[in-house]
Amino acid sequence: MINAELKLTEYFDKLMHFAKNDSKTGEDSILLAGAMMAASRVLFYEHLNAKEAQKLLDQGGLDLIELVKPTIH
């Protein structure tokens with residue numbers, strides 16, 4: 001599992017580096033986040049069965065809501 005965690009960290013760091021260097025505005029960042037979410041959906045459904053993919057997407061959506069919720073006023 002450590003290898004998977006290291007890979008995940010590496011991928012996350014690469015995506016954040018890409019976002020930092022290529023997003024010029026907040027809108028760019030939001031659009032990039034949407035594109036990442038769409039890509040994850042495609043990849044989940046491509047490599048998992050439908051039930052597993054949907055479970056990951058549901059949990060990811062809940063995690064995103066929890067992350068964003070404190071910023072909503």
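Conventions used here
- Residues numbered from 1 in each chain as written.
- Predicted model: local features only at pLDDT ≥ 70, side-chain atom pairs only at ≥ 80, totals over all residues.
- Heavy atoms only, no water.
- Helix = DSSP H or I, 4+ residues; strand = E, 2+ residues; numbered from the N terminus.
- Buried < 20%, exposed > 50% of the residue type's maximum accessible area, 1.4 Å probe, protein only.
- Areas by Shrake-Rupley, 256 points an atom, 1.4 Å probe, with all protein chains shown as cover.
- Salt bridge = Lys/Arg side-chain N within 4 Å of Asp/Glu carboxyl O.
- Contact = heavy atoms within 4.5 Å.

1. Focus: the overall build of the protein chain
Each helix and strand counted, the protein chain has three helices and zero strands in total. Helices and strands appear in the protein chain in the N-to-C order α-α-α. In the protein chain, which comprises 73 residues, the proportion classed as buried is 7%. Counting every atom, the protein chain has about 6,500 Å² of accessible surface; 67% of that belongs to carbon and sulfur.

2. Re the environment of methionine 36
Mapped onto the secondary structure, methionine 36 falls in helix α2 (residues 26-47). Taking relative accessible area as the criterion, methionine 36 reaches 27% and is therefore assigned partly exposed.

3. A look at the environment of aspartate 22
Checked against the element boundaries, aspartate 22 lands in helix α1 (residues 2-22). For the pair aspartate 22 and leucine 32, spaced 10 residues apart in the sequence, the C-alpha separation amounts to 9.3 Å.

4. Quick look at the pattern of salt bridges
Scanning the model with the defined rule gives one salt bridge in all. Note that glutamate 10 is salt-bridged to lysine 14, the shortest N-O span being 3.1 Å. Within this pair, glutamate 10 and its partner lysine 14 are both found in helix α1, separated by four residues, close to a single helical turn. For glutamate 10, a relative accessible area of 41% translates into the label partly exposed.

5. Some points on the side chain of serine 23
Mapped onto the fold, serine 23 is located in the loop between α1 and α2. Of the residues examined, serine 23 reaches a relative accessible area of 15% and is grouped as buried. Discounting residues that sit within four places of it in the chain, serine 23 has contacts with Phe18, Asp28, Ser29 and Leu32.

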